[in-house]
Every structure is written in C-alpha cells, then in structure tokens.
Amino acid sequence: ATRGAPADAALAALGYRFVPGPTNTPSDWVLRQTGIATSGFEWRGQSDYDAVGLAVVEWIRSRLTILCGLEEIREGVDPAVA
C-alpha cells in the first residue's frame, strides 16, 4: 500500500477521487466524482462539504510527502486551519 491509500479511501467513501489534470504534470490533479468522470464537486449540504474538505486536505498532505519528499509531522503542530 502507498502512503496515499488511506487518503484515497477517505475521498472514495465520500464519492470523490482525484484524477490527473490537463497538463499531466505530477502535481496537477482535479477532483472528480467517482461515478461520473467529468463531474466535480456537488453540493450535498454543509456537513458533506466539511467532510470533503477535510478529506481533500488529507489527500494533499499525502501527496506532498510523496511528490515533494516532505516528512509528515502530526504531533506538536498547531495548524492555522483545522
């Protein structure tokens, strides 16, 4: 399993996934619904919006460690946005 697998699973559970963007560069990704490859985010209420937002942040964190070789630090960090 890759480091991104849990973040991918969290997005999939909400009905979304990231697909390569139009430039096909390693850092270009587009959020899409899992069942409709051309559809992006769909409003399903505030709680869904919040859950998708948190899942996207986790997905981005996982990709930063993969693409940029960053080390994830979870303890002792007070994020500006939670």
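Presented here is an overview of the structure given in this document. Fair warning: this is a prediction, and the values are worked out from it, not measured in the lab.

Thresholds, definitions, all that
- Residues numbered from 1 in each chain as written.
- Predicted model: local features only at pLDDT ≥ 70, side-chain atom pairs only at ≥ 80, totals over all residues.
- Heavy atoms only, no water.
- Helix = DSSP H or I, 4+ residues; strand = E, 2+ residues; numbered from the N terminus.
- Contact = heavy atoms within 4.5 Å.
- Areas by Shrake-Rupley, 256 points an atom, 1.4 Å probe, with all protein chains shown as cover.
- Expected span 1.5 Å × (residues − 1).
- Buried < 20%, exposed > 50% of the residue type's maximum accessible area, 1.4 Å probe, protein only.
- Phe/Tyr/Trp six-rings, centres within 6.5 Å; stacked < 30°, edge-to-face > 60°.

### Quick look at the overall build of the protein
Then, number 1: Helix and strand counts for the protein stand at two helices and two strands.
Then, number 2: Beginning at the N terminus, the succession of helices and strands in the protein can be written as α-β-β-α.
Then, number 3: A sequence separation of at least 24 residues applies to 40% of the contacts in the protein between residues at least 6 apart.
Then, number 4: Working note: accessible area of the protein is about 5800 Å², and carbon and sulfur atoms make up 59% of it.

### Description of helix H2 (residues 46–68)
Then, number 1: Relative to the 33 Å expected for 23 residues at 1.5 Å per residue, H2 spans 32 Å between its end C-alpha atoms, a close match to the ideal helical length.
Then, number 2: By the burial criterion, the buried members of H2 are Asp48, Val52, Ala55, Val56, Trp59, Ser62, Arg63 and Thr65.
Then, number 3: For H2, the elements touching its buried residues are helix H1 (5–13), strand S1 (16–20) and strand S2 (29–33).
Then, number 4: Directly beyond the C-terminal end of H2, a positive phi value near 70 degrees is found at Gly69.

### Some remarks on the packing of aromatic side chains
Then, number 1: What the rule picks out here adds up to five aromatic pairs.
Then, number 2: Grouping aromatic residues by their ring pairs yields a cluster made of Tyr16, Phe41, Trp43 and Tyr49.

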